[in-house]
Amino acid sequence: MKNTEYKTHWENIYENKNENEVSWFQKNPETSTDLIKSSNIDKTSKIIDVGAGVSRLVDNLLELGFYNIDVVDISRNAINKTKTRLGKKSELVNWIESDIINFKSDKKYQLWHDRAVFHFLNEKSQIESYKNLAENSLESGGTLIIGTFSVNGPNKCSGLSVKQYDEDSIRNVFKNKFDAVSHETVIHDTPFKTKQEFIFSTFKKK
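Let us look at the structure shown here. This structure is a prediction, so every number in the text was calculated from the model and none was measured.

Okay, the pairing of strand β8 (residues 178-189) next. Remark: a regular strand shows side chains that alternate across the two faces of the sheet. Pairing analysis gives eleven bridges linking β8 to strand β9 (residues 195-205), with the strands arranged antiparallel. Following the sheet pairing, isoleucine 187 is matched in β9 by glutamate 197. Connecting the antiparallel pair β8 and β9 is a turn made up of five residues, with lysine 193 showing a positive phi of about 65°.

This part is about the packing of helix α1 (residues 3-16) against helix α4 (residues 76-86). At a minimum axis distance of 7 Å, the contact between α1 and α4 shows a crossing angle of 35°. Counted together, Lys7, Glu11, Tyr14 and Glu15 of α1 and Arg76, Asn77, Ala78 and Lys81 of α4 form the full contact between these two elements. The residue makeup of the contact of α1 with α4, split by class, is two nonpolar, one polar and five charged.

The tally for this structure, following the rule as stated, stands at 14 salt bridges. In this structure, arginine 56 engages glutamate 19 in a salt bridge whose closest nitrogen and oxygen atoms are separated by 2.3 Å. In this pair, arginine 56 sits in the loop between β1 (46-50) and α3 (57-64) while glutamate 19 sits in the loop between α1 and α2 (30-38), placing the two residues 37 residues apart along the sequence. Residues aspartate 70 and lysine 107 are paired through a salt bridge, measuring 3.0 Å at the closest nitrogen-oxygen approach. Residue aspartate 70 is found in strand β2 (residues 68-73), and its partner lysine 107 is found in the loop between β3 (93-97) and β4 (109-115); the two are separated by 37 residues along the sequence. Overall, the relative accessible area of 2% leaves aspartate 70 in the buried class. For lysine 107, a relative accessible area of 31% translates into the label partly exposed. Several salt bridges converge on common partners, so that one network encompasses Lys7, Glu11, Arg76 and Glu97.

Our focus in this paragraph is the pairing of strand β5 (residues 138-149). Counting buried positions over the twelve residues of β5 gives nine, a clear majority of the element. For β4 and β5, the ladder comprises six bridges, and the chain directions are parallel. Within β5, the residue paired with aspartate 114 across the bridge is isoleucine 146. The β-α-β motif built from β4, the intervening helix α5 (residues 124-137) and the parallel element β5 has right-handed crossover chirality. Of the pairings in the sheet, the one linking β5 to β9 comprises seven bridges and is antiparallel in character. Within the sheet, the bridge partner assigned to glycine 147 lies in β9 and is phenylalanine 200.

Topologically, valine 162 is positioned in the loop between β7 (160-161) and α6 (167-174). Judged by its relative accessible area of 9%, valine 162 falls in the buried class. Put simply, valine 162 and phenylalanine 118 are 44 residues apart on the chain and 8.7 Å apart in space, counted from C-alpha to C-alpha. Aside from chain neighbours lying at most four places away, what touches valine 162 is His119, Phe120, Asn122, Phe149, Pro154, Asn155, Lys156 and Cys157.

Next up on the list: the packing of α3 against α4. Interhelical geometry of α3 versus α4 gives an angle of 40° and a closest axis separation of 10 Å. Judged by the angle between their axes, α3 and α4 are oblique. Read as a crossing pair, α3 and α4 show a hand that is right-handed. Across from Val58, Asp59 and Leu62 in α3, the residues of α4 making contact are Thr82, Arg85 and Leu86. Residue composition of the contact of α3 with α4, grouped by class: three nonpolar, one polar and two charged.

This paragraph deals with unusual backbone geometry. Peptide bonds are mostly trans, and most non-glycine residues show a negative phi. If you check the backbone angles, asparagine 40 has positive phi at about 65° while not being a glycine. By secondary structure assignment, the location of asparagine 40 is in the loop between α2 and β1. Its identity as a non-glycine residue notwithstanding, serine 158 has a phi of 55°, on the positive side. Relative accessible area serves as the criterion here: at 23%, serine 158 is assigned to the partly exposed category.

The rules behind each value
- Residues numbered from 1 in each chain as written.
- Predicted model: local features only at pLDDT ≥ 70, side-chain atom pairs only at ≥ 80, totals over all residues.
- Heavy atoms only, no water.
- Pairing = 2+ DSSP bridges.
- Helix = DSSP H or I, 4+ residues; strand = E, 2+ residues; numbered from the N terminus.
- Axes fitted to C-alpha atoms, helices over the stretch in contact; angles between N-to-C directions.
- Contact = heavy atoms within 4.5 Å.
- Nonpolar A, V, L, I, M, F, W, Y, C, P; charged D, E, K, R; others polar.
- Salt bridge = Lys/Arg side-chain N within 4 Å of Asp/Glu carboxyl O.
- Buried < 20%, exposed > 50% of the residue type's maximum accessible area, 1.4 Å probe, protein only.
- Right-handed = clockwise from strand over helix to strand, strands pointing away.
- Parallel < 35°, antiparallel > 145°, perpendicular 65-115°, else oblique.
- Left-handed = near helix turned anticlockwise from the far one by under 90°.

Below, the structure is given as structure tokens:
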């Protein structure tokens, strides 16, 4: 699928579905929030949430007092829905409409968060581009948090093929510049009363 087709796909999803009408909806992104809190970054730290969609993680981060937050998503519709939900608070966030593969920034972040974007990258060139971007965007000692479908999780999401991971395979992708800190298996209960197994991996940049 071409980049323009990906964008059209996700724009259609977020234009035509409410937030609780997609399988990845979380009323409270507890795992992500807890992992970010456990990283012990301070409130001034630069955070990037990659492929956020209409996730409520940004709501939680603002409530916790973080204010250097970049939210990146390919879908303008998703960004606009989240801004509407946040109201005046949306002015505290830097919103970036971009496919993560084409994303560029001069910033150095202290924390990179990605729930359910990385596993959509099936081609070696895409994975390599993402890895290089994460390496170049995080400062030394920075935290990388990635949530993907586990080897026991679905092999498709939103009609698109995904790549499943376990501890070894996700570690191997990032091993050159990152040390693995932890891996956590999480069962996600979808709005459709089904269950999906994720693996959340935390790394520190060397």
